[in-house]
Amino acid sequence: MEHFYLAALQMVPGIGSSRIKALVDYFGSARQAWLADRGDLFLSKCLDSTAYNNLLAQRDKIDIHKLAESIVKKGISLCSLLDDDYPVLLRNTFNPPYVFYYRGTLPTNDKLIAIVGSRKATAYGKNAATMLAAALASIEVGIVSGAARGIDTAAHLGALEQGYTVAVLGSGVDIFYPPENKKMLNTIAERGVILSEYAPGVMPHPGHFPARNRIINGLVRGVVVVEAAEKSGALITADFALEEGRDVFAVPGSIFAGNSKGTNKLIKQGAKLVDNVDDIVEEYGWQKKQDTQAGSELSQAERSVYNLLNYEEPIGIEEIVTKLNVLPATAAYILLQLSLRGLTVEHSGQRYTCTAREGIK
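Residues numbered from 1 in each chain as written. Predicted model: local features only at pLDDT ≥ 70, side-chain atom pairs only at ≥ 80, totals over all residues. Heavy atoms only, no water.

The chain has the name DprA winged helix domain-containing protein in an unreviewed UniProt entry, where Sporomusa acidovorans is given as its organism.

Peer 1: What exactly am I supposed to notice about the sheet that holds strand β10 (residues 315–316) here?
Peer 2: Sheets are built from strands paired through backbone hydrogen bonds, the pairs being either parallel or antiparallel. A sheet is described by the order of its strands in space; here three strands give the open sequence β10-β12-β11, paired in antiparallel fashion. In this open sheet, the two strands that pair with only one neighbour each are β10 and β11 (344–347). Note: β10 against strand β12 (residues 351–354), two bridges, orientation antiparallel. Counted as the bridge partner of I315 is Y352 from β12. (Pairing = 2+ DSSP bridges. Helix = DSSP H or I, 4+ residues; strand = E, 2+ residues; numbered from the N terminus.)

Peer 1: Which parts of the structure should I look at to understand a nonpolar patch on the surface?
Peer 2: On the surface, Y26, F42 and L43 cluster together into a nonpolar patch covering about 380 Å² of accessible area. For Y26, the location among the structural elements is in helix α2 (residues 17–27). (Patch = residues over 30% accessible without salt bridge, like charges linked within 9 Å, V, L, I, M, F, W, Y side chains within 5 Å. Areas by Shrake-Rupley, 256 points an atom, 1.4 Å probe, with all protein chains shown as cover. Salt bridge = Lys/Arg side-chain N within 4 Å of Asp/Glu carboxyl O.)

Peer 1: Quick question: what am I supposed to make of the pairing of strand β7 (residues 222–226) here?
Peer 2: In regular strands, side chains alternate between the two faces of the sheet. Of all five residues making up β7, five are buried, and the element is well covered by its neighbours. Burial of the side chains of β7 extends over both faces: G222, V224 and V226 are buried on one face and V223 and V225 on the other. Strand direction decides the pairing type here: strand β3 (residues 112–117) and β7, joined by five bridges, are parallel. Within β7, the position partnered with G117 by the bridge is V226. Sheet topology note: the β7/strand β8 (residues 247–251) ladder contains five bridges and is parallel. Across the sheet, residue V225 finds its bridge partner in β8, namely A250. Considered for its hand, the β-α-β crossover made up of β7, helix α12 (residues 233–243) and β8 is right-handed. (Buried < 20%, exposed > 50% of the residue type's maximum accessible area, 1.4 Å probe, protein only. Right-handed = clockwise from strand over helix to strand, strands pointing away.)

Peer 1: I tried to follow the pattern of salt bridges on my own but got confused; where do I start?
Peer 2: As a working rule, side chains carrying opposite charge can pair if their charged atoms are close by. One pass over the full model with this rule turns up nine salt bridges. Measuring nitrogen to oxygen at the nearest pair gives 3.0 Å for the salt bridge that ties D48 to R19. Of the two residues, D48 is situated in the loop between α4 (38–44) and α5 (49–61) and R19 in helix α2; the sequence distance between them amounts to 29 residues. R19 gets classed as partly exposed once you look at its relative accessible area, which sits at 25%. Where E282 meets K272, a salt bridge forms, and the shortest distance between an N and an O atom there is 2.7 Å. Within this pair, whereas E282 is found in helix α14 (residues 278–284), its partner K272 is found in strand β9 (residues 272–273), the two being separated by 10 residues in sequence. Taken together, the shared-partner salt bridges in this structure form one network comprising K272, E282 and E283.

Peer 1: Explain the pairing of strand β2 (residues 99–104) to me, please; I cannot follow it from the model alone.
Peer 2: Most of β2 is tucked away: five of the six residues are buried. Bridge count between strand β1 (residues 77–80) and β2: four bridges; the pairing is antiparallel. Of the residues in β2, the one forming a bridge with L78 is Y101. Looking at chain direction, β2 and strand β6 (residues 193–196) are connected through four bridges and run antiparallel. In the strand pairing of β6, G104 is matched with V193.

Peer 1: Just checking my understanding: could you explain the packing of aromatic side chains for this structure?
Peer 2: Two aromatic rings are characterised by how far apart their centres lie and by the angle between their planes. With the rule as written, the count across this model stands at six aromatic pairs. Ring geometry for F42 against Y52: centres 5.9 Å apart, planes inclined by 70°, an arrangement best described as edge-to-face. Placement of F42 in helix α4 and of Y52 in helix α5 is noted, with a sequence separation of 10 residues between them. For Y52, a relative accessible area of 16% translates into the label buried. Here the aromatic residues Y86, F100 and Y102 are joined through ring pairs into a cluster of three or more. The aromatic ring of F209 is capped on one face by R119, whose charged end is 5.5 Å from the ring centroid. (Phe/Tyr/Trp six-rings, centres within 6.5 Å; stacked < 30°, edge-to-face > 60°. Lys NZ or Arg CZ within 6 Å of the ring centre and 35° of its normal.)

Peer 1: I'm lost on the packing of helix α16 (residues 317–324) against helix α17 (residues 328–340) in this one. Help?
Peer 2: For any two helices packed against each other, the geometry comes down to the angle between their axes and how far apart the axes lie. At a minimum axis separation of 9 Å, α16 and α17 run at an interaxial angle of 115°. Taken together, the axis directions place α16 and α17 in an arrangement best described as roughly perpendicular. In this structure, α16 crosses over α17, and the sense of that crossing is right-handed. Counting all contacts with α16, which are made through I317, I320 and V321, the residues of α17 involved are P328, A331, A332 and L335. Looking at the contact of α16 with α17 residue by residue, the classes come out as seven nonpolar, no polar and no charged. (Axes fitted to C-alpha atoms, helices over the stretch in contact; angles between N-to-C directions. Parallel < 35°, antiparallel > 145°, perpendicular 65-115°, else oblique. Left-handed = near helix turned anticlockwise from the far one by under 90°. Contact = heavy atoms within 4.5 Å. Nonpolar A, V, L, I, M, F, W, Y, C, P; charged D, E, K, R; others polar.)

Peer 1: So what exactly am I meant to see when it comes to the environment of D40 here?
Peer 2: Among the structural elements, D40 can be located in helix α4. For D40, a relative accessible area of 40% gives the class partly exposed. Along the backbone, D40 and L185 are 145 residues apart, and their C-alpha atoms lie at a distance of 43 Å. Beyond its immediate chain neighbours, meaning those up to four positions away, D40 contacts Y26 and F27.

Peer 1: Even after reading the chapter, I still don't get α2, so can you show me in this structure?
Peer 2: One full turn of an α-helix is made of 3.6 residues, so residues set three or four places apart face in the same direction. Buried within α2 we find S17, I20, L23, V24 and F27. Projected down its long axis, α2 shows its buried positions confined to an angular sector of 125°, all on one face. Turned more than 90 degrees from where α2 packs its buried face, S18 and D25 sit exposed. Of the residues one or two after α2, G28 is the one with positive phi, at around 95°. (Arc of directions from axis to C-beta.)

This is the structure:
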């Protein structure tokens, strides 16, 4: 039950990880701290008057056994700094969460890389994030991101194609945000892990995301920024990473694109430029798998269509028909085959881009 007493303490406004640690050190356990006499709590000097009064109020509201039953019923687990399976790199950061909630399987090593970036991502940015995530996951590197729209989602989906991914939320792990990512988050819970320091039921809030970002960079060896404006949450993550001594990588973008101003600036400031997965794996001596040469499996007709597409600007099916002099039904069939193999993405109006893959093109 100790985990649930830790969770209850963390739910008290004004009590964060440092105060939980102080209480546990003083009283010997979270249970003893929660059940402590009012006078003993006051004399401990672990809390200021506001947090002290908040704790007393919360003790009257929270039934620990009902809290535990509710968390277990939702299939949610807890991990604390006292546990052996607490992520090793996160444990050694400046302000690790004393306790967090998770659904899934925690990482068993520190072979983790974060991929973050703009919520309003372009086709280019999504392609880059997906390609890098899939290539890293294929050599058993876990991909960490924040499950937001745009680059985060592309990174998680790329990782799920090949292996393991970690989604760090700015809400409870039972909250699906953005709502369209519900299916993806459930898949991550089955094949990776969703984690958060916020209690079940807590809704996302702008103030939660900087704290979430510190956990993202705390878990990983390095952070890859793919598309970021000059002022963005991804750059905050990069700043946290530098403070914790993590490596920072950046994918370059067009000098005319607002979404690339932040990443290009990072490169100017010393972040390592990344245009393929080799730029990351060579930093850690990880072995890259031999290219599968998936492109060689394409038929001549499929390759003609694939080579006509690009990674950034969607091309309409009419243009494909005209340039290749094929029937619309033939072009549609080839595009469907390429899509089923994860090599193209359909956009509105029957327009298509190709999906970046290592070893293809």
